[in-house]
Amino acid sequence: MRSRSSRLEPESEDAAAALIDRARYPIDDLGSPAAAALIAECRRQLAATGACLLPGFLRPEALAAMAAEAASLSSLAHRTPGSRSTAYLEAPDESFPQGHPKRRMQPTSVGAVAYDLIPPEALLRRLYEWDGLLAFLAQALGREKLYRYADPLGALNVAVMEEGEGLLWHFDQTDFVVSLLLEKCAHGGVFEYAPLIRGPDEPNYERVWRLLDGAREEVIALDMAPGTLVLFQGRYSIHRVTAVEGARPRLIALFGYDTKPGTMSSERLKLRRYGRVG
C-alpha cells in the first residue's frame, strides 16, 4: 500500500491539502471569496435537499491511491450475518401495529473496517485528521466548531459492500454524516433518499410507511462518481443503498464528527458494526 501512494503521502498540512482539487475546492484558504462562494453553495444544497455533493473533491492521483488503500484493507471488514433492524436503528416497538415503520424489520448487510485498522500513514487517515478539512466542514455545515470522534473504532471507517449486500432504509441517529466514495460497484449500490421526510416534531409515519411499502414519489437517487465528498443530513431524510451487483465492491469512507468533543459510539453499535467494543 505504501509503495503505491508514497509520492502523495502528506508529511504536512500543506501536503494534505494537495490531495484535494483546490482549484475547484479552495478549502485551504477559507477567507477567500472563492471559498466563501463554495461554503454558501454547500449551505444552499443542504437547506434545499438535506444533501450536498462535491464531485471531483480529490485529485485523480489521490483518489487512485486512496481506493487502493481501501481495497487492501477490505478483507478486514467485519460483518454481522443475517442482520436486521428497523428504519430507526432500534429494536422493534411492539406498542405499534403490525407493519408500522417502528416495528418493521429490514435486512441489511455491510462490512466495516474500523479506524484502528487503518494505518497512520494511509492517505485516507491523513485527510480525515487534517485540521483544514475540519474547519471547512464546520463552515459548510453551518456549525461554530466541529470535533472528530474520540471513538478508536468509529471515528473513521471504510464501508465495504460486496455482491448482494445493501443497506436498509433508515434514519441516522446523528445530525449529519460526511462520506467519501472511493470505489463504485459495477451495478447497483445506488444511494437513495427521501429528503426531509420527517421533522424534529413530526415523525410523519404515514409517509415513511408508504415508502417502505414501495412508494417512489419522494425518492431521489444520487449517481455519485468516485471522489465525491458528500455532506448528508440523515436524521430527517430516510435513505438506503441498493444491493450491489457484480464482483467489484462498493468502497466508501465515513468520517465521524460532532459538535462536542469526546464523542464515542455506543457499545451496541460497536458490537454490531465492528464485532468488538475496543
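Cut-offs applied
Residues numbered from 1 in each chain as written. Predicted model: local features only at pLDDT ≥ 70, side-chain atom pairs only at ≥ 80, totals over all residues. Heavy atoms only, no water. pLDDT = per-residue confidence, 0-100. Contact = heavy atoms within 4.5 Å. Pairing = 2+ DSSP bridges. Helix = DSSP H or I, 4+ residues; strand = E, 2+ residues; numbered from the N terminus. Axes fitted to C-alpha atoms, helices over the stretch in contact; angles between N-to-C directions. Buried < 20%, exposed > 50% of the residue type's maximum accessible area, 1.4 Å probe, protein only. Expected span 1.5 Å × (residues − 1). Arc of directions from axis to C-beta.

The next thing to look at is the confidence of the model for the protein chain. Detailed reading of the predicted model is not advised wherever pLDDT is low. Chain-level statistics for the protein chain give a pLDDT mean of 94 and a share of 95% at 70 or above. pLDDT under 50 marks residues 1-10. Its contacts with residues more than four places away, or in other chains, come to 26 contacts.

Turning next to the sheet that holds strand β7 (residues 167-170). A sheet is described by the order of its strands in space; here four strands give the open sequence β7-β13-β10-β11, paired in antiparallel fashion. Both outer strands of the open sheet, β7 and β11 (220-222), are each paired with one neighbouring strand and no more. Averaged over all pairs of adjacent strands, the angle between their axes in this sheet comes to 20°, without regard to strand direction. The pairing of strand β10 (residues 191-194) with β11 spans three bridges and is antiparallel. The residue of β11 that forms the bridge with F191 is L222.

Moving on, we get to the sheet that holds strand β4 (residues 111-113). The strand order β1-β12-β8-β15-β6-β4 describes an open sheet built from six strands, whose pairing is antiparallel. Two strands close off the open sheet at either side, each with one partner strand: β1 (51-54) and β4. The average angle at which neighbouring strand axes cross in this sheet is 25°, direction not considered. In this sheet, strand β12 (residues 229-232) lies alongside β1 in antiparallel orientation, the contact comprising four bridges. When the sheet's bridge partners are listed, A51 is paired in β12 with F232. In the packing of helix α8 (residues 267-274) onto the sheet, the strands contacted are β4, β6 (156-161) and β15 (250-255), and the crossing angle to β6 comes to about 45°.

Before going further, it helps to examine unusual backbone geometry. The phi torsion at L89 lies on the positive side, around 55°, for a residue other than glycine. One can find L89 in the loop between β2 (84-85) and β3 (106-107). When its relative accessible area of 27% is taken as the criterion, L89 is described as partly exposed. One non-glycine residue, L196, lies in the positive phi region at around 45°. The topology assignment puts L196 in the loop between β10 and α7 (205-212). According to the relative accessible area criterion, L196 is partly exposed, its value standing at 38%.

All right, on to helix α3 (residues 33-49) then. Its 17 residues place the ends of α3 25 Å apart at the C-alpha level, agreeing with the 24 Å of an ideal helix rising 1.5 Å per residue. Considered for burial, the residues of α3 that qualify are A35, L38, I39, C42, Q45 and L46. The buried residues of α3 occupy an angular sector of 125° when projected down its axis, which confines them to one face. Among the exposed residues of α3, those oriented more than 90 degrees off its buried face are P33 and A47. Looking at the buried positions of α3, the neighbouring elements they touch are β1, α6 (131-140) and β12. Taken from the residues just after α3, G50 is the one with a positive phi, measuring 80°.

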